[in-house]
Amino acid sequence: QQKVQQSPESLIVPEGGMASLNCTSSDRNVDYFWWYRQHSGKSPKMLMSIFSNGEKEEGRFTVHLNKASLHTSLHIRDSQPSDSALYLCAAHSNVGDNSKLIWGLGTSLVVNP
Amino acid sequence: EAAVTQSPRNKVAVTGGKVTLSCNQTNNHNNMYWYRQDTGHGLRLIHYSYGAGSTEKGDIPDGYKASRPSQENFSLILELATPSQTSVYFCASGDAYWGSQNTLYFGAGTRLSVL
């Protein structure tokens, strides 16, 4: 069972629209989250990170984190065709010497012109 | 920005053959990782390293070996390649230990087909 669940699996939004992606962990040891973006045929690249409760905004991208529910969300406003990609959520599970990074399966976003 | 270079970018191997995937990073990061990415499984950690001379098993190490001869270089070795190892392999480096806010920087990937 995936310990990091992402939803939806795929999402289609029109150009200029808002895209909202979700990520929840079932691992109570998770403390940090990242969002990585992977364009087709390319490698993942870190988009945003969030380590404390609340909201963080960088340009068109906003990320929220609720540590109590281990839920993070990524919102992309004014979506552009260049935002079409696989969005991966990664969570750090802090278990001392066995700390690890857990990856979700991703949300495939398509922005239609 | 961190620079991680993988070679080869594409590789076709025969079943039972030996395959070596190479990775070089130029940002003096201590930690390096090998992942494979498959549809339905996402990114899975094969081996990682905390520095020159160290290698650690990840979540799916069976059938793979790793070597970290220097700070810059980290190799993944398939001694006896099998078709189930057909995948896209990513090398990554990071500037801190797991327990901190460690961003990973990925190479461009190697697409391996084992026939």
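Residues numbered from 1 in each chain as written. Chains lettered and ligands numbered in written order. Predicted model: local features only at pLDDT ≥ 70, side-chain atom pairs only at ≥ 80, totals over all residues. Heavy atoms only, no water.

Peer 1: It is not clear to me how the overall build of chain B should be interpreted in this structure. Could you clarify?
Peer 2: For chain B, the count of helices and strands is zero helices and 11 strands. Here the C-alpha atoms of chain B give a radius of gyration of 13 Å, agreeing with the 13 Å that 2.2 N^0.38 yields for 115 residues. Projected onto the principal axes, the alpha-carbon positions of chain B cover approximately 40 × 30 × 25 Å. Sequence-distant contacts in chain B: of pairs separated by 6 or more residues, those separated by 24 or more amount to 56%. If you sum the accessible surface of chain B, you get close to 5200 Å²; carbon and sulfur atoms cover 48% of it. (Helix = DSSP H or I, 4+ residues; strand = E, 2+ residues; numbered from the N terminus. Rg over C-alpha atoms; globule rule 2.2 N^0.38 Å. Contact = heavy atoms within 4.5 Å. Areas by Shrake-Rupley, 256 points an atom, 1.4 Å probe, with all protein chains shown as cover.)

Peer 1: Can you walk me through the sheet that holds strand 7 (residues 61–66) of chain A in this structure?
Peer 2: Pairing between the strands of a sheet is mediated by backbone hydrogen bonds and can be parallel or antiparallel. All names here are of chain A. One open sheet accounts for five strands, arranged 1-3-8-7-6; its pairing is antiparallel. The open sheet has two edge strands, strand 1 (4–7) and strand 6 (54–58), and neither has a second partner. Direction aside, neighbouring strands of the sheet carry axes that sit 15° apart on average. With four bridges joining them, strand 1 and strand 3 (residues 19–25) adopt antiparallel strand pairing. Looking across to strand 3, one finds that Gln5 is bridged to Thr24. (Pairing = 2+ DSSP bridges. Axes fitted to C-alpha atoms, helices over the stretch in contact; angles between N-to-C directions.)

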